[in-house]
Amino acid sequence: MGTDGVEQDKLLRSIRYKDGSLQLLDQRKLPLETTYVDIRDSKDGWAAISEMVVRGAPAIAITASLSLAVEISNLRTFNGTPSDAALFISNKLDYLVSSRPTAVNLSDAATKLKELVQKVAANASEAQAVFQACIEAAEIMLEDDVASNKAIGHFGARFLQKQQTDRRKISVLTHCNTGSLATAGYGTALGVIRSLHETGVLERAYCTETRPFNQGSRLTAFELVHDNIPATLIADSAAAALMKAGRVDAVIVGADRVAANGDTANKIGTYSLALSALHHGIPFYVAAPLTSIDSSISSGEEIVIEERSAKELLRTHGGMGEQVAASGISVWNPAFDVTPATVISAIVTEKGVITREGTDSFDIRGFIEKVAASSSY
Ligand code: MRU
């Protein structure tokens, strides 16, 4: 095992996959219980995503792909042609994409797998070749995600350090969970925080509770404590006061879908944090892999925002605990909001940092074209 393999093994893992078997860390039970659940097929994968056993844009895309990989690995018989196999896979992928609507990573992974199996089917003589190609591509997604997150961490930490002209250590506020639990490992925005810590320039990470599902207090706090990163938990409503007190140098969050102009859908509350940061003159960064970019849409207006059960507000523990709200109250529970590009200072990807260059929007399509043209893509 190479150096990278050794490092990766130290990472907290929410997705355990090995040769046709898939287990997910049940994130609904964290931080009190560490329980893994078996995922045997796409039906299990769909349920795990929609019920939040696993969550976070990259993690749900990888889970969907691997749940299908497990299903086809364990198929006893398949009496069909390569085209039938490609159709079987496409139908399962359409079903998996319907589990949660906002994160584009899920539909991006499904589109890539569909394109691949159609291409393989066109030249294959047996259905098995199509299945095998799909399994291998899903496995590669799991492997690639960690490397991509480490690159985001590296670019982000370097960029934030450059912006800190007085060379003080940096205190960063983050929202929701964008770490190992939301990805294959290391994380996006939390990956930048990890990288700042590893390079000795992090003063402190602040994480919000992230009501109503508490991804911040249950999951991000768990990861920060796990990695011995100096960190403080705040109520979502304390963020503006924390900024006013001068305790935050930068805000960094993840993304579920970034439009071509840079408008970004992320966990509900992100927009409020961006507005508070703007008011206090604090830079606001988004960290996300290119798989979170939806360059087919021009702005955030076109993003479908998932609305979740009223239970998440009426009860404790993201809807799984006891009732706390008055019976009879009506509830609006959007899981995400859209932060306009105008209040985002920069977007950190695994291929570099995208800036607005004094304009009101990001040229994401131009960035992607440049990346594609470079040999490293
Ligand atoms: O509802 P969730 O927990 O899936 O929402 C997660 C987020 O909003 C994350 O910030 C986003 O998916 C990026 S995860 C690297």
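This text goes with the structure placed above it.
Residues numbered from 1 in each chain as written. Predicted model: local features only at pLDDT ≥ 70, side-chain atom pairs only at ≥ 80, totals over all residues. Heavy atoms only, no water.

A closer look at the overall build of the chain
Scanning the chain from terminus to terminus reveals twelve helices and 14 strands. Taken over the C-alpha trace, the chain has a radius of gyration of 20 Å; the compact-globule value for 377 residues is 21 Å, and the two agree within 12%. Counting only C-alpha atoms, the chain reaches 65 × 55 × 45 Å along its principal axes. Going through the 377 residues of the chain one by one, you find that 52% of them count as buried. Intrachain contacts of the chain at a sequence separation of at least 6 include 74% that bridge at least 24 residues. Working note: accessible area of the chain is about 16,600 Å², and carbon and sulfur atoms make up 50% of it. In the chain, the 36 positive side-chain charges and the 44 negative ones have mean positions that sit 5 Å from each other. (Helix = DSSP H or I, 4+ residues; strand = E, 2+ residues; numbered from the N terminus. Rg over C-alpha atoms; globule rule 2.2 N^0.38 Å. Buried < 20%, exposed > 50% of the residue type's maximum accessible area, 1.4 Å probe, protein only. Contact = heavy atoms within 4.5 Å. Areas by Shrake-Rupley, 256 points an atom, 1.4 Å probe, with all protein chains shown as cover. Lys, Arg positive; Asp, Glu negative; His and termini not counted. Charge placed at Lys NZ, Arg CZ, Asp CG, Glu CD.)

Some points on the nonpolar core
Ile15, Leu22, Leu24, Leu66 and Ile89 are the most contacted members of the largest nonpolar core, which has 42 residues in total. Looking at this core, the elements that each hand over two or more residues are β1 (15–18), β2 (21–25), α2 (42–50), α3 (57–73), α4 (82–97), α5 (104–123) and α6 (127–163). When residues in this core are grouped by element, the largest group, ten residues, is from α3. Residues contacting Ile15, with those up to four places away along its chain left out, are Leu22, Gln23, Leu24, Ala59, Ile62, Thr63, Leu66, Leu142 and Thr183. (Core = buried A, V, L, I, M, F, W, Y, C linked by side-chain atoms within 4.5 Å.)

Quick notes on the packing of α4 against α6
Following both chains from N to C, one finds α4 and α6 inclined at 35°, their axes separated by 7 Å at the closest point. Here α4 runs over α6; the crossing is right-handed. Each of Pro82, Ala85, Ala86, Phe88 and Ile89 in α4 lies in contact with α6, whose residues at this interface are Ala127, Val130, Phe131 and Cys134. (Axes fitted to C-alpha atoms, helices over the stretch in contact; angles between N-to-C directions. Left-handed = near helix turned anticlockwise from the far one by under 90°.)

Quick notes on the sheet that holds strand β12 (residues 336–339)
Pairing within the open sheet is mixed, and its four strands lie in the order β11-β8-β9-β12. This sheet does not close on itself; its edge strands, each paired only once, are β11 (293–294) and β12. Bridge count between strand β8 (residues 257–259) and strand β9 (residues 264–267): two bridges; the pairing is antiparallel. Among the inter-strand pairings, Val258 is bridged to a residue of β9, identified as Thr264. (Pairing = 2+ DSSP bridges.)

Quick notes on the site of the ligand
Every one of the 18 residues lining the ligand counts as a neighbour, but Arg55, Arg100, Gln215, Asn266 and Lys267 are closest to it. A distance of 2.8 Å is found between an oxygen atom of the ligand and a side-chain nitrogen or oxygen belonging to Gln215. Note that an oxygen atom of the ligand is positioned 2.8 Å from one of the side-chain N or O atoms of Asp256. When residues of the shell around the ligand are traced back to their parent elements, those giving at least two are α3 and β9. (Near = heavy atom within 4 Å. Polar contact = N/O pair within 3.5 Å; in protein donor to acceptor, adjacent residues only side chain to side chain.)

Section: the side chain of Ser90
Within the secondary structure, Ser90 sits in helix α4. On the basis of relative accessible area, Ser90 is assigned to the buried category, the value being 9%. Here Ser90 is in contact with Lys114 and Gln118, once residues within four sequence places are set aside.

Regarding the packing of α3 against α6
For any two helices packed against each other, one specifies the crossing angle of their axes together with the interaxial distance. Put simply, α3 and α6 touch, their axes get as near as 9 Å, and they point 150° apart. The angle between α3 and α6 places the two elements in the roughly antiparallel class. Crossing angle aside, the handedness with which α3 passes α6 is left-handed. Contacts between α3 and α6 involve Pro58, Ile62, Ser65, Leu66, Leu68, Ala69, Ile72 and Ser73 from the former and Phe131, Cys134, Ile135, Ala138, Glu139, Met141, Leu142 and Asp145 from the latter. For the contact of α3 with α6, the class distribution of residues is twelve nonpolar, two polar and two charged. (Parallel < 35°, antiparallel > 145°, perpendicular 65-115°, else oblique. Nonpolar A, V, L, I, M, F, W, Y, C, P; charged D, E, K, R; others polar.)

A short note on the pattern of salt bridges
Taken as a whole and assessed by the stated rule, the structure comprises 16 salt bridges. Taking the shortest distance from any N to any O, the salt bridge between Asp19 and Lys18 comes out at 3.8 Å. As far as the burial class goes, Asp19 and Lys18 line up, both exposed. Of the charged contacts in the structure, one is a salt bridge between Asp294 and Arg257, with a shortest N-O distance of 2.6 Å. Highlighted residues: Asp294 in strand β11 and Arg257 in strand β8, separated in sequence by 37 residues. Of the two residues, Asp294 and Arg257, both sit in the buried class. The structure contains a network of salt bridges with shared partners spanning Asp26, Arg28, Lys29 and Glu51. (Salt bridge = Lys/Arg side-chain N within 4 Å of Asp/Glu carboxyl O.)

Focus: unusual backbone geometry
A cis amide bond, omega 5°, links Leu30 with the succeeding residue Pro31. Residue position: Pro31 is located in the loop between β2 and β3 (36–39). In this structure, the amide linkage connecting Arg211 to the following residue, Pro212, adopts the cis form with an omega of 5°. You can see Pro212 is positioned in the loop between β5 (202–208) and α8 (215–226). Even without a glycine there, the phi angle at Arg167 is positive, about 60°. You can see Arg167 is positioned in the loop between α6 and β4 (170–174). Of note, the phi angle at Tyr186 is positive, near 80°, even though the residue is not glycine. Within the secondary structure, Tyr186 sits in the loop between β4 and α7 (189–198).

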